[in-house]
Amino acid sequence: MTTARGYHHGDLRRALLDAAVQAIEESGVAALSLRDLARRAGVSHAAPAHHFGDKAGLLTALAAEGFALLADELGRAGDDLLEAGVAYVRFAVGHRAHFEVMFAPDLHRADDPALAAARTRAGVALRGRVAALATPSADPERNALAAWSIVHGFVTLWLAGALPPSAGPDLESAARSVIRRLFE
């Protein structure tokens, strides 16, 4: 019951989000339950509802956190679109539970203000790098969609183990090879 004591003096919200990440990584988002998260955090089964309302509320908070983490990761990549793409891939692999929830709007409340703000911040970070692809006749929104689709598709296939062996075992090298196609 040490964890329960942490609730009174610590950050239960954070503990529940961490437990959700762990549970999703172990069993997938479909198996996630608030009762299991309460057990993992060592608190009453009603405690998660106090912080998040319901499962969708918890997943909304997790998605918002994911978009904020993604925006930070993209920011560390600097202005280089190739490195931003690799940062996106690194984020998805390193934060798989967040990534799984972020792009599944049926799991969370897409209109939540905190989620919308974090998603916008990540989108701005990506679109800012895509400006390097722009030509006078280019549509920056379509360029951003193309860049995101390539990177997101690549990492989704990587995570699913669906890439051919020719992609190689090195995530970042394989990602760079694919992302460079944006510049051709």
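Refer to the structure above for everything that follows.
Here is a short report on the structure shown in this document. Sequence positions are assigned chain by chain, starting from 1 and proceeding in written order. The model is predicted, so local features are restricted to residues of pLDDT at least 70 and side-chain atom pairs to those at 80 or more, both for listing and for counting; the totals for chains, interfaces and linings are taken over all residues. Hydrogens and water molecules were not included; the side-chain quantities draw on all heavy atoms of the structure.

**With respect to the nonpolar core**
One finds Ile24, Leu32, Leu37, Leu58, Leu74 and Val155 to be the most contacted residues of the largest nonpolar core, which totals 58 residues. Under the scheme used here, helices are H or I runs from DSSP no shorter than 4 residues and strands are E runs no shorter than 2 residues, and both carry numbers assigned from the N terminus. Of the residues forming this core, the biggest block, 10 residues, is contributed by helix H5 (residues 55-76). Aside from chain neighbours lying at most four places away, what touches Leu58 is Leu16, Leu17, Ala20, Leu32, Leu34, Leu37 and Phe52. Each nonpolar core is a collection of buried residues, namely Ala, Val, Leu, Ile, Met, Phe, Trp, Tyr and Cys, held together in the definition by side-chain atoms within 4.5 Å. When a residue's accessible area, from a 1.4 Å probe over protein chains only, is under 20% of the maximum for its type it is buried; when over 50% it is exposed; and in between it is partly exposed. When checking whether two residues touch, look at their non-hydrogen atoms; a contact exists if any pair is within 4.5 Å.

**Digging into the packing of helix H8 (residues 113-130) against helix H9 (residues 140-160)**
Packing of H8 against H9 leaves a shortest axis separation of 9 Å and a crossing angle of 105 degrees. As far as their axial angle goes, H9 and H8 are roughly perpendicular. Residue-level inspection shows Leu126, Arg127 and Val130 of H8 in contact with H9, the latter providing Pro140, Glu141, Asn143, Ala144, Ala147 and Trp148. Residues are grouped as follows: Ala, Val, Leu, Ile, Met, Phe, Trp, Tyr, Cys and Pro are nonpolar; Asp, Glu, Lys and Arg are charged; every other residue, Gly included, is polar. For the contact of H8 with H9, the class distribution of residues is 6 nonpolar, 1 polar and 2 charged. Only C-alpha atoms enter the line fits that serve as axes; for helices the fit covers just the stretch in contact. Angles between N-to-C directions range over 0 to 180 degrees. Oblique is the label for any angle not covered by the other classes, which are roughly parallel (under 35 degrees), roughly antiparallel (over 145) and roughly perpendicular (65 to 115).

**Regarding the packing of H5 against helix H6 (residues 81-94)**
Running from N to C, H5 and H6 point in directions that differ by 145 degrees, and their axes come no closer than 9 Å. Of the two elements, H5 crosses H6, and the hand of that crossing is right-handed. Touching Gly66, Leu69, Leu70, Glu73 and Leu74 of H5 are Ala84, Ala87, Tyr88, Arg90 and Phe91, all from H6. Of the residues that constitute the contact of H5 with H6, the class distribution is 7 nonpolar, 1 polar and 2 charged. Here a crossing is called left-handed whenever its near helix is offset anticlockwise from the far helix by less than a right angle, and right-handed whenever the offset is clockwise.

**Describing H8**
Over its 18 residues, H8 extends 25 Å from the first C-alpha to the last, a length consistent with the 26 Å expected when each residue adds 1.5 Å. Listed in full, the buried residues belonging to H8 are Leu115, Ala118, Ala122, Gly123, Ala125, Leu126, Arg129 and Val130. Down the axis, H8 shows its buried residues gathered within 155 degrees of arc, on one side only. Taken together, the buried residues of H8 touch H5, H6 and H9. The span one expects for a helix is its residue count, reduced by one, times 1.5 Å. Working note: the arc is built from the helix axis to C-beta atom directions.

**What to know about the pattern of salt bridges**
Salt bridges, as used here, are contacts in which a Lys or Arg side-chain nitrogen is within 4 Å of a carboxyl oxygen on Asp or Glu. A complete count under the given rule lists 14 salt bridges for this structure. Ionic pairing is found between Arg127 and Glu141, a salt bridge with its closest N-O pair at 3.7 Å. Here Arg127 is found in helix H8, whereas its partner Glu141 is found in helix H9, with 14 residues between them in sequence. Between Glu172 and Arg176 there is a salt bridge; the shortest N-O distance is 3.5 Å. In this pair, Glu172 and Arg176 are both assigned in helix H10 (residues 171-179), 4 residues apart and thus about one turn of the helix distant.

The values are spatial; any link to function lies outside them.
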